[in-house]
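Below, each chain spelled out in residue letters.
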Amino acid sequence: MTIPQGPAHPASPPAMLRMRDVRDRALFDLADGPVTPSNRAELTGVAQLLNALLASMVVSSLQYEQHALLVRAPSDRPVAEFLYACADRDRANARLLATRIGQLGFVAEYDPQHLPAWSRITFQAFPDGGLTGLVTQDLVGARILVQTLQEAVRWIGSDDPTTRRLLERLLEDKEAQADELGAQSDPSPRERAATGKAHP
């Protein structure tokens, strides 16, 4: 029986994998921590992008929290609990972004004075609005972040694999939120009765 032969291997590994070269590259600029010369990203731009996303996550979490507090009807409590969960998740995601910004050698921007300027989401409270208005505004915010994260993933490309994986994880989470919010955005029977609109 003839054993199939695998593809021929080069006589020596590429320079990026050779022990001496890997060690020499790792010893270069030790103060940079996890950022090694193989990271080809423009780090200042990446940090600015991550700070914009961090601000957006913080503003989104505050909006979720505010909207959850405005849900009054006992029958709508599941929606309020979902909004609270989204707020918690966005705060956790903001911390992940802040951690990555620190790993890249920059400072995470949490100053409340700067959050509105950095955020891609505009906070809207809907103090007198109904449940549909609240959920629709949160859906708009989630969709803004989905689009922003998609563009961020494309922009990072293969230059910074760790940041790209983080953004893809956040994108998956935001898409799940948007999916659930889309299902919740249909007016409740109580609101349809108040406005005189029949369910389609």
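Residues numbered from 1 in each chain as written. Predicted model: local features only at pLDDT ≥ 70, side-chain atom pairs only at ≥ 80, totals over all residues. Heavy atoms only, no water.

Student: I keep staring at the overall build of the chain and nothing clicks. Help me out?
Tutor: Looking only at helices and strands, the chain has seven helices and zero strands in total. Order of helices (α) and strands (β) in the chain, N terminus to C terminus: α-α-α-α-α-α-α. Expressed as a percentage of its 200 residues, the buried residues of the chain come to 36%. Contacts spanning at least 24 positions in sequence make up 76% of the contacts within the chain whose residues lie at least 6 apart. For the chain, the accessible area works out to roughly 12100 Å², and carbon and sulfur atoms hold 57% of it. (Helix = DSSP H or I, 4+ residues; strand = E, 2+ residues; numbered from the N terminus. Buried < 20%, exposed > 50% of the residue type's maximum accessible area, 1.4 Å probe, protein only. Contact = heavy atoms within 4.5 Å. Areas by Shrake-Rupley, 256 points an atom, 1.4 Å probe, with all protein chains shown as cover.)

Student: What's the story with the packing of helix H2 (residues 43-70) against helix H3 (residues 77-103) in this structure? I'm lost.
Tutor: Contact geometry of H2 with H3 gives a least axis separation of 8 Å together with a crossing angle of 160°. Judged on the interaxial angle alone, H3 and H2 are roughly antiparallel. Our pair here, H2 against H3, has a crossing hand that is left-handed. Looking at the contact of H2 with H3, its residues break down into 18 nonpolar, five polar and five charged. (Axes fitted to C-alpha atoms, helices over the stretch in contact; angles between N-to-C directions. Parallel < 35°, antiparallel > 145°, perpendicular 65-115°, else oblique. Left-handed = near helix turned anticlockwise from the far one by under 90°. Nonpolar A, V, L, I, M, F, W, Y, C, P; charged D, E, K, R; others polar.)

Student: I would appreciate a short explanation of H2 in the present structure.
Tutor: Count 3.6 residues to each turn of an α-helix, and residues three or four apart come out pointing the same way. Across its 28 residues, H2 extends 41 Å between first and last C-alpha, which sits within 8% of the 40 Å expected from 1.5 Å per residue. Across the 28 residues that make up H2, a large majority, 21, are buried. The N-capping residue of H2, defined by a side-chain oxygen 3.3 Å from the backbone nitrogen of Thr 44, is Glu 42. (Expected span 1.5 Å × (residues − 1). Polar contact = N/O pair within 3.5 Å; in protein donor to acceptor, adjacent residues only side chain to side chain.)

Student: I would appreciate a short explanation of the confidence of the model for the chain in the present structure.
Tutor: In low-pLDDT regions, the fine details of the predicted coordinates are not to be read closely. With 71% of its residues at a pLDDT of at least 70, the chain reaches an overall mean of 80. Segment residues 188-200: pLDDT under 50, and 13 contacts once partners within four positions in sequence are set aside and those in other chains are kept. (pLDDT = per-residue confidence, 0-100.)

Student: It is not clear to me how the pattern of salt bridges should be interpreted in this structure. Could you clarify?
Tutor: Note on pairing: side chains with opposite charge can pair once their charged atoms come close. Per the counting criterion, the structure on display carries eight salt bridges. Arg 91 is paired through a salt bridge with Glu 65; the nearest N and O atoms lie 3.4 Å apart. Highlighted residues: Arg 91 in helix H3 and Glu 65 in helix H2, separated in sequence by 26 residues. Given a relative accessible area of 26%, Glu 65 falls into the partly exposed group. Here Asp 173 ties to Arg 89 by a salt bridge, and the two come within 3.2 Å at their closest N and O atoms. Taken as a pair, Asp 173 in helix H6 (residues 161-184) and Arg 89 in helix H3 lie far apart in primary sequence, 84 residues in all. Overall, Asp 173 belongs to the buried group, its relative accessible area being 16%. Residues joined by salt bridges that share partners form a network here, namely Glu 65, Asp 88 and Arg 91. (Salt bridge = Lys/Arg side-chain N within 4 Å of Asp/Glu carboxyl O.)

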